[in-house]
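This is what each chain is made of:
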Amino acid sequence: MDLPIFQYHPDPIATGSIKNSDAVCECCGTTRGFVYTGPVYAEEELHECICPWCIFDGSAHKKFDATFVDLDGIGGYGSWESVSSDIAEEIAFRTPGFSGWQQERWWTHCEDAAVFLGPVGAEEAKILGEEFIGFIRQESGLEGISSWEDYLSILSKTDGPTAYAFKCKHFGKLGGYSDCH
Ligand SMILES: [Zn+2]
Ligand SMILES: [Zn+2]
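Residues numbered from 1 in each chain as written. Chains lettered and ligands numbered in written order. Predicted model: local features only at pLDDT ≥ 70, side-chain atom pairs only at ≥ 80, totals over all residues.

**As for the pairing of strand E6 (residues 162-167)**
Threshold: Burial is judged by counting the other C-beta atoms within 10 Å of a residue's own C-beta: 20 or more makes it buried, 12 or fewer makes it exposed, and any count in between marks it as partly exposed, with every C-beta position built from the backbone. Helix and strand definitions here come from DSSP, where helices need a minimum of 4 consecutive H or I residues and strands a minimum of 2 consecutive E residues; each element is numbered from the N-terminal end. Strands were regarded as paired on the criterion that DSSP finds at least two bridges between them.
Within E6, six of the six residues are buried, which leaves it mostly tucked inside the rest of the structure. With burial as the criterion, each face of E6 is covered, one bearing Thr-162, Tyr-164 and Phe-166 and the other bearing Ala-163, Ala-165 and Lys-167. Pairing between strand E5 (residues 115-120) and E6: five bridges, direction antiparallel. Counterpart to Gly-118 in the pairing with E6 is Ala-165. Sheet analysis places E6 next to strand E7 (residues 174-179), joined by six bridges and oriented antiparallel.

Now the structure itself:
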């Protein structure tokens, strides 16, 4: 069965937020072959036990009052553009989140949430190019070329510091941020 299409997180298997699993979904009670691995904010402990379909159709949000991205993190706790509550709720309630080292932030642009492309290390940042690198440099607040270049060179998808790449849905502009342990 094909995964549902999350417009703000189109390839959650590639980003590591959804993986193959025989786990029984706590929400629909069935084994769907895939499970969500990212953060779940809910009363109950819901680690790796929600299927992508129950995120997509809002049933996991309804049943457990669960969110997958912190609402205030959409727009980076006020550092980026704010979005309408419809958009924020689609991200927080019906879109797979991702696991960062610190509280996750969801980049916004053109009055919309951006599309999450995934965690990024030095190699992937180079492939994304100057626009992305320039953006995360600005976000990092690091002063001076040498401290920035050292930081950029040790970016890693798995160890941290890690960058998180997003793409604006409207004109394709790349953005995001980075964090570390
Ligand atoms: Zn389910
Ligand atoms: Zn834009």
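**Some remarks on the sheet that holds E6**
Let me state the cut-off plainly: Here, axes are lines fitted to C-alpha atoms. For helices the fit covers the stretch in contact, and angles between N-to-C directions go from 0 to 180 degrees.
Ordered in space as E5-E6-E7, the three strands form an open sheet in which the pairing is antiparallel. The open sheet has two free edges, formed respectively by E5 and E7, since each of these has just one partner strand. With strand direction ignored, the average angle separating the axes of adjacent strands in the sheet is 20°.

**Things to note about helix H3 (residues 85-94)**
Formally: Residues are defined as contacting one another if the C-beta atoms placed from their backbone atoms lie within 7 Å.
Within the sequence span of H3, burial applies to Ala-88, Ile-91, Ala-92 and Arg-94. Against helix H1 (52-56), helix H2 (59-64) and strand E4 (112-113) lie the buried residues of H3.

**Observations regarding unusual backbone geometry**
Between Gly-160 and the following residue, Pro-161, the backbone shows a cis peptide bond with an omega angle of 0°. Position of Pro-161 among the secondary structure elements: in the loop between helix H6 (145-154) and E6. Notably, Glu-48 is not glycine yet its phi reads approximately 50°, a positive angle.

**A few points about the nonpolar core**
To keep things clear, this is the line we draw: Connectivity within a nonpolar core runs through C-beta atoms within 7 Å, and the core itself is a set of buried Ala, Val, Leu, Ile, Met, Phe, Trp, Tyr and Cys residues.
By size, the foremost hydrophobic cluster in this structure holds 43 residues, and its most contacted members are Ile-50, Ile-74, Ile-91 and Ala-165. Contributions of two or more residues to this core are made by strand E2 (34-36), H1, H3, E5, helix H5 (130-140), E6 and E7. If you tally residues by element for this core, the top one is E6, at four residues.

**As for the environment of Asp-112**
Relative to the elements of secondary structure, Asp-112 occurs in strand E4. Excluding residues that lie within four positions of it along the chain, Asp-112 makes contacts with Val-83, Ile-87, Lys-169 and His-170.

**Focus on H5**
Cut-off, in case you're wondering: As used here, the arc belongs to the directions running from the helix axis to the C-beta atoms.
All of the buried residues along H5 are Phe-132, Phe-135, Ile-136 and Glu-139. With its buried residues spanning 90° around the axis, H5 presents them on a single face. Of the exposed residues in H5, those oriented more than 90 degrees away from the buried face are Glu-130, Gly-134 and Gln-138. For H5, the elements touching its buried residues are helix H4 (122-128), E6 and E7. Gly-141, located one to two residues past H5, shows a positive phi value of around 70°.

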